Amino acid sequence: MRGYLGSVTVIRLAEVRETPLSVDEVHDAVADPSAGGIALFTGAVRNHDHGREVRYLSYSAHPSAAAEMRGVCEKIVAGFDVTAIAAVHRVGDLAIGDLAVVLAVSCPHRAEAFDACRELIDMLKASVPIWKHQRFDDGTAEWVGTP
């Protein structure tokens, strides 16, 4: 049965948090002796967007965001030979350099881990209701990812 490895759930972490994210926590969640490859993605707050200087940003999420993230993880597990998967996104005010998202996928082989991790971030950005409000150095602001 896909989604389970013995009695251990393949989806090890799918959360939205207000607290700082840990690369080690996400990596450790997917580490498994049967996995030959672990692909890890971190998304950090950058200091610019489309030629404008970003001062800071805020993420907000719909109450369904964690459930939607789990649904995306389920789709990745159904489409790839995933040993384990973990996804955590931060909400609230973030400074330049803060981690906004940390994802990891472990698979028996590295190529599939890379492919699954890329698909995970692409699907997460496209379908999980998390929105970014950027504040620029010139005093202006914009929402990104809103419907």
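Residues numbered from 1 in each chain as written. Predicted model: local features only at pLDDT ≥ 70, side-chain atom pairs only at ≥ 80, totals over all residues. Heavy atoms only, no water.

**A look at the packing of aromatic side chains**
(1) Moving on: On inspection of all chains with the given rule, the structure shows zero aromatic pairs.
(2) Moving on: Here the basic side chain of Arg52 rests over the ring of Phe136, its NZ or CZ set 3.8 Å away from the ring centre. (Phe/Tyr/Trp six-rings, centres within 6.5 Å; stacked < 30°, edge-to-face > 60°. Lys NZ or Arg CZ within 6 Å of the ring centre and 35° of its normal.)

**Considerations on the packing of helix H2 (residues 65-79) against helix H3 (residues 110-127)**
(1) Moving on: Following both chains from N to C, one finds H2 and H3 inclined at 145 degrees, their axes separated by 10 Å at the closest point. Between H2 and H3 the crossing geometry is right-handed. Between H2 and H3, the residues in contact are Glu68, Met69, Val72, Cys73, Lys75 and Ile76 and Ala116, Glu119, Leu120, Met123, Leu124 and Ser127, respectively.
(2) Moving on: Considering only residue class, the contact of H2 with H3 consists of eight nonpolar, one polar and three charged. (Axes fitted to C-alpha atoms, helices over the stretch in contact; angles between N-to-C directions. Helix = DSSP H or I, 4+ residues; strand = E, 2+ residues; numbered from the N terminus. Left-handed = near helix turned anticlockwise from the far one by under 90°. Contact = heavy atoms within 4.5 Å. Nonpolar A, V, L, I, M, F, W, Y, C, P; charged D, E, K, R; others polar.)

**Let's talk about the pattern of salt bridges**
(1) Moving on: Per the counting criterion, the structure on display carries six salt bridges.
(2) Moving on: When the shortest N-O distance is used, the salt bridge between Arg17 and Glu15 registers 2.8 Å.
(3) Moving on: For Arg17, the salt bridge goes to Glu25, with nearest N and O atoms at 2.7 Å.
(4) Moving on: Residue classification places Glu25 among the partly exposed positions, given a relative accessible area of 31%.
(5) Moving on: When salt bridges that share partners are traced, they join Glu15, Arg17 and Glu25 into one network. (Salt bridge = Lys/Arg side-chain N within 4 Å of Asp/Glu carboxyl O. Buried < 20%, exposed > 50% of the residue type's maximum accessible area, 1.4 Å probe, protein only.)

**Remarks on H2**
(1) Moving on: For H2, built from 15 residues, the straight-helix expectation of 21 Å at 1.5 Å per residue is met to within 8% by its first-to-last C-alpha distance of 21 Å.
(2) Moving on: The secondary structure elements touched by the buried residues of H2 are strand S3 (11-17), strand S6 (52-61), strand S7 (84-90), H3 and strand S10 (130-136). (Expected span 1.5 Å × (residues − 1).)

**A short note on the sheet that holds strand S4 (residues 37-44)**
As a general point, the strands of a sheet are linked pairwise by backbone hydrogen bonds and lie either parallel or antiparallel.
(1) Moving on: If you trace the four strands from one edge of the open sheet to the other, you get S3-S7-S9-S4, paired in mixed fashion. The strands lining the two open edges of the sheet, one partner per strand, are S3 and S4. Within the sheet, the average angular offset between the axes of one strand and its neighbour, ignoring direction, is 5 degrees.
(2) Moving on: Against the sheet, H2 makes contact with S3 and S7, and its axis sits at roughly 150 degrees relative to S3, the strand it touches most. (Pairing = 2+ DSSP bridges.)

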